[in-house]
Amino acid sequence: TACRKDGTTFPCVLGLSETPQSGMICGFIRDLTKDKAAQAAMMTKNRELQMHQNLIMSILDASFHALFVINEQCIIQMVNAKSVDVFGWTKEEFIGQN
């Protein structure tokens, strides 16, 4: 953590290296405020995505029919519990098949 002129602090990374000829130390400080904000936003989006996937899986599993979710290349992305019961494969065995 570093401190700005106005007294506020911010997350940072400090880099140091010695210059070969003079033996002096050269350093830099990189402000990580934007990186931390982007990371927090990504984590929020990932949680939202996981919630949506859980909702979709709950809806699929509530069906009495074997259901598959496939992508544009006809690769299985998701299967419901009934598919596992009917065909005897695990969900992991279905995922990635076409």
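All figures in this text were calculated on a predicted structure; none of them were measured in a lab.

Participant: Hey, could you run me through the environment of Asp-6 in this one?
Facilitator: The residue Asp-6 is located in the loop between β1 (2-3) and β2 (9-10) in this model. Residue Asp-6 is classed as exposed on the basis of its relative accessible area of 58%. A distance of 2.7 Å separates a polar atom in the side chain of Asp-6 from a polar atom in the side chain of Thr-8.

Participant: What's the story with the pattern of salt bridges in this structure? I'm lost.
Facilitator: Think of it this way: side chains of opposite charge can pair up when their charged atoms draw near. All chains considered together, the criterion is met by four salt bridges. Notably, a salt bridge pairs Asp-35 with Arg-30, separated by 2.7 Å at the nearest N-O pair.

Participant: What's the story with the pairing of strand β6 (residues 76-79) in this structure? I'm lost.
Facilitator: Two faces belong to every sheet, and in a regular strand the side chains alternate between them. In this sheet, β6 lies alongside strand β5 (residues 68-70) in antiparallel orientation, the contact comprising three bridges. Across the sheet, residue Phe-68 finds its bridge partner in β6, namely Val-79. The antiparallel hairpin formed by β5 and β6 contains five residues in its connecting segment, where Cys-74 sits at a positive phi of about 65°.

Participant: Please clarify how the side chain of Ser-63 should be interpreted in this entry.
Facilitator: Tracing the chain through its elements places Ser-63 in the loop between α1 (33-61) and β5. Side-chain polar atoms of Ser-63 contact the backbone nitrogen of His-65, separated by 3.0 Å. Leaving out residues up to four positions away in the same chain, Ser-63 has contacts with Asn-80 and Lys-82.

Participant: What exactly am I supposed to notice about unusual backbone geometry here?
Facilitator: The general pattern is negative phi for most residues beyond glycine and trans for most peptide bonds. Located in the positive-phi region is Cys-74, a residue other than glycine, with phi close to 65°. You can see Cys-74 is positioned in the loop between β5 and β6.

Participant: Would you mind going over the environment of Pro-11 with me for this structure?
Facilitator: With respect to the helices and strands, Pro-11 occurs in the loop between β2 and β3 (12-18). Taking relative accessible area as the criterion, Pro-11 reaches 30% and is therefore assigned partly exposed. With 23 residues separating them in the primary sequence, Pro-11 and Lys-34 have C-alpha atoms 9.5 Å apart. If we ignore the near neighbours within four places in the chain, the residues touching Pro-11 are Arg-30, Asp-31, Leu-32, Thr-33 and Lys-36.

Rules used throughout
- Residues numbered from 1 in each chain as written.
- Predicted model: local features only at pLDDT ≥ 70, side-chain atom pairs only at ≥ 80, totals over all residues.
- Heavy atoms only, no water.
- Helix = DSSP H or I, 4+ residues; strand = E, 2+ residues; numbered from the N terminus.
- Buried < 20%, exposed > 50% of the residue type's maximum accessible area, 1.4 Å probe, protein only.
- Polar contact = N/O pair within 3.5 Å; in protein donor to acceptor, adjacent residues only side chain to side chain.
- Salt bridge = Lys/Arg side-chain N within 4 Å of Asp/Glu carboxyl O.
- Pairing = 2+ DSSP bridges.
- Contact = heavy atoms within 4.5 Å.

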